[in-house]
Amino acid sequence: MEQPAGSAQDARSLPGCYRHPERDTGVRCTRCERPICPECMVSASVGFQCPDCAGGRTPTDHGAARPAPPLGDSRPRTLAGGTMAADPRLVTKLLIGVNAVLFLVQLTVGATFTERFELIGSALTRYSPYLPQGVADGQYYRLLTSMFLHGGYLHILFNMLSLWWIGGPLEAALGRARYIALYLASGLAGGALTYLLAAPNQPSLGASGAIFGLFGATAVLMRRLNYDMRPVIALLVINLVITFGVPNIAWQAHIGGLVAGVGVGYAMVHAPRERRALIQYGACALVLVVVAVLTLVRTAQLA
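Residues numbered from 1 in each chain as written. Predicted model: local features only at pLDDT ≥ 70, side-chain atom pairs only at ≥ 80, totals over all residues. Heavy atoms only, no water.

### Structural notes on the overall build of the protein chain
Phase 1 of the analysis: Looking only at helices and strands, the protein chain has 9 helices and 4 strands in total.
Phase 2 of the analysis: Evaluated residue by residue, the protein chain yields a buried proportion of 50% over its 303 residues.
Phase 3 of the analysis: Taking all contacts inside the protein chain whose residues are at least 6 apart in sequence as the whole, residues at least 24 apart take part in 67%.
Phase 4 of the analysis: When the accessible surface of the protein chain is summed, it comes to about 14,100 Å², and 64% of that surface belongs to carbon and sulfur atoms. (Helix = DSSP H or I, 4+ residues; strand = E, 2+ residues; numbered from the N terminus. Buried < 20%, exposed > 50% of the residue type's maximum accessible area, 1.4 Å probe, protein only. Contact = heavy atoms within 4.5 Å. Areas by Shrake-Rupley, 256 points an atom, 1.4 Å probe, with all protein chains shown as cover.)

### Observations regarding the packing of aromatic side chains
Phase 1 of the analysis: Using the criterion set out here, one finds 4 aromatic pairs in the structure.
Phase 2 of the analysis: Between phenylalanine 103 and tyrosine 153 the ring centres are 5.5 Å apart and the planes differ by 80°, which places this aromatic pair in the edge-to-face class. Of this pair, phenylalanine 103 sits in helix 1 (residues 90-109) while tyrosine 153 is found in helix 4 (residues 153-174), placing the two residues 50 residues apart along the sequence.
Phase 3 of the analysis: Here the basic side chain of arginine 34 rests over the ring of tyrosine 18, its NZ or CZ set 4.0 Å away from the ring centre.
Phase 4 of the analysis: Over the aromatic face of tryptophan 164 sits the side chain of arginine 89, whose NZ or CZ is 4.4 Å from the ring centroid. (Phe/Tyr/Trp six-rings, centres within 6.5 Å; stacked < 30°, edge-to-face > 60°. Lys NZ or Arg CZ within 6 Å of the ring centre and 35° of its normal.)

### Structural notes on a nonpolar patch on the surface
Phase 1 of the analysis: Nonpolar side chains collect at one region of the surface, where Leu154, Leu157, Phe158, Leu161, Trp164 and Trp165 lie side by side and expose about 550 Å² of accessible area between them.
Phase 2 of the analysis: By the secondary structure assignment, phenylalanine 158 is in helix 4.
Phase 3 of the analysis: Residue classification places phenylalanine 158 among the partly exposed positions, given a relative accessible area of 38%. (Patch = residues over 30% accessible without salt bridge, like charges linked within 9 Å, V, L, I, M, F, W, Y side chains within 5 Å. Salt bridge = Lys/Arg side-chain N within 4 Å of Asp/Glu carboxyl O.)

### Description of the confidence of the model for the protein chain
Phase 1 of the analysis: Averaged over all residues, the pLDDT of the protein chain is 85; the fraction at 70 or higher stands at 87%.
Phase 2 of the analysis: Note on residues 3-12: pLDDT is under 50 here. Beyond four places in sequence and across chains, it has 32 contacts.
Phase 3 of the analysis: Throughout residues 57-72 the model reports pLDDT below 50, and contacts reaching past four residues in sequence, or to other chains, amount to 22 contacts. (pLDDT = per-residue confidence, 0-100.)

### Digging into the pairing of strand 4 (residues 128-133)
Moving residue by residue along a regular strand, the side chains alternate between the two faces of the sheet.
Phase 1 of the analysis: Two strands pair when backbone bridges link them, and strand 3 (residues 123-125) and strand 4 are joined in this way by 2 bridges, in the antiparallel orientation. The residue bridging threonine 125 from the neighbouring strand is serine 128, located in strand 4.
Phase 2 of the analysis: Hairpin connection from strand 3 to strand 4: 2 residues lie between these consecutive antiparallel strands. (Pairing = 2+ DSSP bridges.)

### So, the nonpolar core
Phase 1 of the analysis: In this structure, Leu163, Leu170, Tyr183, Leu214 and Leu221 are the most contacted members of the largest nonpolar core, which totals 53 residues.
Phase 2 of the analysis: At the level of elements, helix 1, helix 4, helix 5 (176-197), helix 6 (208-224), helix 7 (230-245), helix 8 (251-270) and helix 9 (276-302) are the ones that each hand at least two residues to this core.
Phase 3 of the analysis: Leucine 214 has contacts with Leu163, Ile166, Gly167, Leu170, Tyr179, Leu182 and Tyr183, leaving out every residue within four places of it along the chain.
Phase 4 of the analysis: Core analysis: the second largest hydrophobic core is formed by 10 residues, Cys29, Ile36, Phe48 and Cys50 among them. (Core = buried A, V, L, I, M, F, W, Y, C linked by side-chain atoms within 4.5 Å.)

### A closer look at the environment of asparagine 159
Phase 1 of the analysis: Secondary-structure assignment places asparagine 159 in helix 4.
Phase 2 of the analysis: In this structure, the C-alpha to C-alpha distance between asparagine 159 and isoleucine 211, residues 52 residues apart in sequence, is 7.6 Å.
Phase 3 of the analysis: Polar contacts involving the side chain of asparagine 159 include one to the side chain of histidine 150, which spans 3.2 Å. (Polar contact = N/O pair within 3.5 Å; in protein donor to acceptor, adjacent residues only side chain to side chain.)

### Some thoughts on the packing of helix 5 against helix 8
The geometry of a pair of packed helices is captured by two quantities: the angle between their axes and the separation between those axes.
Phase 1 of the analysis: Look at helix 5 against helix 8: their axes get within 7 Å of each other, and the N-to-C directions meet at 145°. As for how helix 5 packs across helix 8, the hand of that crossing is right-handed. Contacts from Arg178, Leu182, Ala185, Ser186, Ala189, Gly190, Leu193, Thr194 and Leu197 of helix 5 reach helix 8 at Trp251, Gln252, Ala253, Ile255, Gly256, Gly257, Ala260, Gly261, Val264, Gly265 and Met268.
Phase 2 of the analysis: Residues belonging to the contact of helix 5 with helix 8 are distributed by class as follows: 11 nonpolar, 8 polar and 1 charged. (Axes fitted to C-alpha atoms, helices over the stretch in contact; angles between N-to-C directions. Left-handed = near helix turned anticlockwise from the far one by under 90°. Nonpolar A, V, L, I, M, F, W, Y, C, P; charged D, E, K, R; others polar.)

What follows is the structure, encoded as structure tokens:
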């Protein structure tokens with residue numbers, strides 16, 4: 001069973017606007033690279049500029065000297081190119097809500113519900129004592145559903161705290177669509193590696209694989225913003241020590257999610273502007289291809 005990914009309170013959040021430090025933002029001036037909030041964004045031919053680089057003008061200035069808005073969609077964009085939202089933590093809140101609701105269902109229905117949807121290669125269960133159940137038996141949905149189940153109060157508590165601390169700032173930096181794509185790709189990668197390497201009758205569940213992916217992407221983002229990497233490296237070392245030092249933790253899910261998160265996160269924050277969406281979602285698609293290959297290989301082994 002997967003255990004909590006650990007606390008991420010040491011991870012840095014997004015930088016504050018250089019004119020309004022209390023406002024976190026993932027958008028930077030295209031000329032000087034200083035962080036700017038929506039109030040300070042001045043439309044330029046490419047992206048947005050700060051008032052200083054735009055000749056002292058602010059978005060509320062009016063006059064002939066203000067540059068014309070760019071063609072196409074001129075809505076404020078995050079560092080990764082996503083659309084800035086009024087609530088930058090909405091998806092994170094929804095993910096926490098889904099995990100909490102399903103945990104209540106687990107408590108209400110009992111072990112049979114968990115056994116139907118947790119990740120397992122192939123095994124006899126209490127609700128199916130004569131017919132093997134698992135991914136190898138065609139139940140591929142378990143790779144996804146197991147990401148939203150938990151094994152106890154502490155398991156879900158620490159995972160959801162980690163999701164809130166890491167996910168909120170990362171969602172604001174990436175945008176909703178890119179954030180959920182990263183989350184799902186990381187969770188599926190962790191599940192696929194667990195399916196490949198764990199014993200076929202060993203059950204696994206939890207959001208830790210996806211959260212480790214968010215952790216890896218956060219490290220890439222901090223590097224991109226030139227933050228001090230020592231806190232995130234220390235946190236990574238602590239999590240890896242827990243992963244390999246505490247019994248009954250599916251280390252495969254943690255490592256698979258972490259590797260996928262680093263790869264997808266790098267594509268998210270380093271993709272060139274002119275091919276940004278293609279590279280970002282292409283990286284997610286590549287992870288899904290790897291997930292499919294690992295799943296088919298393990299299924300063939302267990303057939």
